[in-house]
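The lines below spell out each chain.
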Amino acid sequence: MTANRILSTPAAWALLLVNVIIFAALNLSPGLADVFLLDPGRIMERPWSLFTVFFSHELLIHIALNMFLLLVFGTRLEKAADARVLFSVYVLCGFLGSLTIPAYASVIGYAGGPIAGASASAFGVAAACAALQPDAVVLKSKAKHWIVALFIVNALLTVQNPHVSVGGPAHAVGIAAGAVFGYALRKKSGGRTV
C-alpha cells in the first residue's frame, strides 16, 4: 500500500480509520456500548445511536468484512465520483438502515439488546459502486454480480434466523439505497459509467 493510494481516496481511508478507532474503544472500554450501539428499545432515549451505530463493531470478523467492502468498493466509488459522494452514500445508507432496525425488531419480538455494525453503510457503498460501474471487474467478477450475491446471501441469512440477523433488513435497505444513489449518479453522467 502506497501513500499515493491512501491520498487518492482519503474519504475511504478516513471512514476505515474512524471505524477501527471506535472498534478499539468499544473493545477496550465495553461501557462505551451504551454510547455507540443501537438499542432498538431505547431509540427515544438515545437518538444519536441511529448515527453512531454505523461506525461501531464489536467482533473482529464483522469489522473486517465491512471494512473490506469499504476499501474494495469505496475506493473505487471515491475515484469515480469524489469523497463527498462516498461519505454521503455511507451516511445515507447507514442512517436508512438504522431506521429499519427498531421497526423490524418490534415485528419479530427482538429482545437481544444493542446492535453494532456498519453493514448497511458498507453494503450501500458497494451497491452504489456497482450501480455506477456495473460491468467493472472487482475481484474477478463484475461489480453487479457481487451485489446480487450480497443481497441473496443477506436475504437467506435473515430468513433462516431473523433473531440472529436482526440487521438483515437494514443491510437490504443499505443495498437498495446505495443502488439508487449509484444509478442516479450514472444517469447524471449521461448513462455512461464513470
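Keep in mind that this is a model prediction, so the values were computed, not measured. (Residues numbered from 1 in each chain as written. Predicted model: local features only at pLDDT ≥ 70, side-chain atom pairs only at ≥ 80, totals over all residues. Heavy atoms only, no water.)

## Some details on the confidence of the model for the protein chain
Phase 1: Per-residue confidence for the protein chain averages 92 on the pLDDT scale, and 95% of its residues sit at or above 70.
Phase 2: Within the protein chain, the element-level pLDDT minimum falls on helix α1 (residues 3–8), averaging 68, and the maximum on helix α7 (residues 119–132), averaging 97. (pLDDT = per-residue confidence, 0-100. Helix = DSSP H or I, 4+ residues; strand = E, 2+ residues; numbered from the N terminus.)

## Focus: the side chain of Asp 39
Phase 1: Looking at the element boundaries, Asp 39 is found in the loop between α3 (33–36) and α4 (49–52).
Phase 2: The side chain of Asp 39 sits in the buried core without any salt bridge; Arg 42 is the nearest counter-charge, 4.3 Å away.
Phase 3: Each residue touching Asp 39, except ones within four places of it in the same chain, is listed here: Arg 46, Gly 113 and Pro 114. (Buried < 20%, exposed > 50% of the residue type's maximum accessible area, 1.4 Å probe, protein only. Lys, Arg positive; Asp, Glu negative; His and termini not counted. Salt bridge = Lys/Arg side-chain N within 4 Å of Asp/Glu carboxyl O. Contact = heavy atoms within 4.5 Å.)

## Description of helix α8 (residues 143–160)
Every α-helical turn comprises 3.6 residues, leaving residues that sit three or four positions apart pointing alike.
Phase 1: Between its first and last C-alpha atoms α8 spans 26 Å; for 18 residues at 1.5 Å apiece the expected length is 26 Å, and the two agree.
Phase 2: Buried within α8 we find Ala 143, Ile 147, Leu 150, Asn 154 and Thr 158. All buried residues of α8 fall inside an arc of 60 degrees around its axis, so they share one side. In α8, the exposed residues that point more than 90 degrees away from the buried face are Leu 156, Val 159 and Gln 160.
Phase 3: Those residues of α8 hidden inside the fold are in contact with α5 (60–80), α6 (83–108), α7, β1 (137–138), β2 (141–142) and α9 (168–188). (Expected span 1.5 Å × (residues − 1). Arc of directions from axis to C-beta.)

## Here we look at a nonpolar patch on the surface
Phase 1: A surface patch of nonpolar side chains, amounting to about 380 Å² of accessible area, comprises Val 148, Phe 151, Ile 152 and Leu 156.
Phase 2: Residue classification places Val 148 among the partly exposed positions, given a relative accessible area of 48%. (Patch = residues over 30% accessible without salt bridge, like charges linked within 9 Å, V, L, I, M, F, W, Y side chains within 5 Å. Areas by Shrake-Rupley, 256 points an atom, 1.4 Å probe, with all protein chains shown as cover.)

## Here's the deal with the side chain of Thr 52
Phase 1: Among the structural elements, Thr 52 can be located in helix α4.
Phase 2: Apart from residues lying up to four places away in sequence, Thr 52 is in contact with Val 35 and Phe 36.

## Some points on the packing of helix α2 (residues 10–28) against α5
Phase 1: Look at α2 against α5: their axes get within 8 Å of each other, and the N-to-C directions meet at 170 degrees. Here α2 is positioned roughly antiparallel relative to α5, judged by the angle of their axes. Read as a crossing pair, α2 and α5 show a hand that is right-handed. Of the residues in α5, those touching α2 at Pro 10, Ala 11, Ala 12, Trp 13, Leu 15, Leu 16, Asn 19, Val 20 and Phe 23 are Leu 60, Ile 63, Met 67, Leu 70, Leu 71, Gly 74, Thr 75 and Glu 78. (Axes fitted to C-alpha atoms, helices over the stretch in contact; angles between N-to-C directions. Parallel < 35°, antiparallel > 145°, perpendicular 65-115°, else oblique. Left-handed = near helix turned anticlockwise from the far one by under 90°.)

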